[in-house]
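# Architecture at a glance
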Amino acid sequence: MSRTLRRGGLFLLGGMALMGIAFVGAPLGILSGMMAMMYGACCGSFHRWDREKGLWMLAVAFLVLMGPVYLVCAWMELFGQREKTWLAIDMFLGTVMLGSTVNLLLSVMVYNRRVSQALNALIGKKAKAHSTDEPNGHAPRQPS
């Protein structure tokens, strides 16, 4: 997963290149380029998934936004037009990239949640070790 997130910027550049080619006039690249850029942006957003607490919440927010889009794209891919045109190929490649993005978000959500729980437990143990027996949190006064 770390290797995937490290190399995700290449998908961002590849998506920009696909969109540039499509804007010039190629029949392929709009949807697949946008989805590749989205995958690269997600990889950039979650590059510290194993060290930073709380990234799983951002992954859940992205998943809530991108999950239904993936379902609609997959539905259209399965039950949409049957002829093989450039638009159908672009739709297929975009759906594959969107599925990879949803898989990445699910992985970050699960693993970063575990990291966050482990870090919270570690912080809790350190806090217990440094706490005092006084109910107000102050150390007892020594008689002079």
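So, here's what we can say about the structure.

The rules behind these values
Residues numbered from 1 in each chain as written. Predicted model: local features only at pLDDT ≥ 70, side-chain atom pairs only at ≥ 80, totals over all residues. Heavy atoms only, no water. Helix = DSSP H or I, 4+ residues; strand = E, 2+ residues; numbered from the N terminus. Buried < 20%, exposed > 50% of the residue type's maximum accessible area, 1.4 Å probe, protein only. Contact = heavy atoms within 4.5 Å. Areas by Shrake-Rupley, 256 points an atom, 1.4 Å probe, with all protein chains shown as cover. Axes fitted to C-alpha atoms, helices over the stretch in contact; angles between N-to-C directions. Parallel < 35°, antiparallel > 145°, perpendicular 65-115°, else oblique. Left-handed = near helix turned anticlockwise from the far one by under 90°. Nonpolar A, V, L, I, M, F, W, Y, C, P; charged D, E, K, R; others polar. Disulfide = S-S within 2.5 Å. Core = buried A, V, L, I, M, F, W, Y, C linked by side-chain atoms within 4.5 Å. Expected span 1.5 Å × (residues − 1). Bend = angle between axes of the 7 residues up to and from the residue. Salt bridge = Lys/Arg side-chain N within 4 Å of Asp/Glu carboxyl O.

### Some points on the overall build of the protein
- When helices and strands are tallied, the protein shows five helices and zero strands.
- Written out in order from the N terminus, the α and β elements of the protein read α-α-α-α-α.
- Counting the 144 residues in the protein, one finds 28% classified as buried.
- For the protein, restricting intrachain contacts to residue pairs at least 6 apart in sequence, the fraction spanning at least 24 positions comes to 71%.
- Carbon and sulfur atoms make up 66% of the accessible area of the protein, which totals about 9,800 Å².

### Topic: the packing of helix α3 (residues 30–45) against helix α4 (residues 55–79)
- For the pair α3 and α4, interaxial distance at closest approach is 11 Å and the crossing angle is 165°. Relative to α4, the element α3 is oriented roughly antiparallel. Where α3 crosses over α4, the two elements pack in a sense that is right-handed. Contacts between α3 and α4 pair M38, C42 and S45 from the former with L55, F62 and M66 from the latter.
- When grouped by side-chain class, the residues that make up the contact of α3 with α4 number five nonpolar, one polar and no charged.

### Observations regarding the packing of helix α2 (residues 8–24) against α3
- At a minimum axis separation of 7 Å, α2 and α3 run at an interaxial angle of 155°. The angle between α2 and α3 falls in the class roughly antiparallel. Remark: the crossing between α2 and α3 carries left-handed chirality. Contact residues: α2 offers G8, F11, L12, G15, M16, L18, M19, A22 and F23, while α3 offers I30, S32, G33, M34, A36, M37, Y39, G40, A41 and C43.

### Remarks on the state of the cysteines
- With the rule as written, the count across this model stands at zero disulfides.
- Residue C42 stays outside any disulfide, its sulfur separated by 7.2 Å from that of C43, the closest cysteine.

### A look at the nonpolar core
- Counting 21 residues, the largest nonpolar core has L5, C42, F46, L104, L105 and V108 as the members making the most contacts within it.
- Where this core is concerned, the elements lending two or more residues are α3, α4 and α5 (86–130).
- Looking at which element gives the most residues to this core, the answer is α5, with seven residues.
- Setting aside anything within four residues of it in sequence, one finds C42 in contact with F62, M66, T101, L104 and L105.

### A word on α4
- Over its 25 residues, α4 runs 35 Å from end to end, which matches the ideal 36 Å to within 8%, given 1.5 Å per residue.
- At V64, α4 shows its maximal bend, which comes to roughly 30°, and the proline P68 appears one to four places after that position.

### A closer look at the pattern of salt bridges
- Evaluated as defined, the whole model comprises two salt bridges.
- With its nearest N and O atoms 3.6 Å apart, the salt bridge here joins D50 to R51.
- Classification of D50 by relative accessible area gives partly exposed; the value is 31%.
- Given a relative accessible area of 48%, R51 falls into the partly exposed group.

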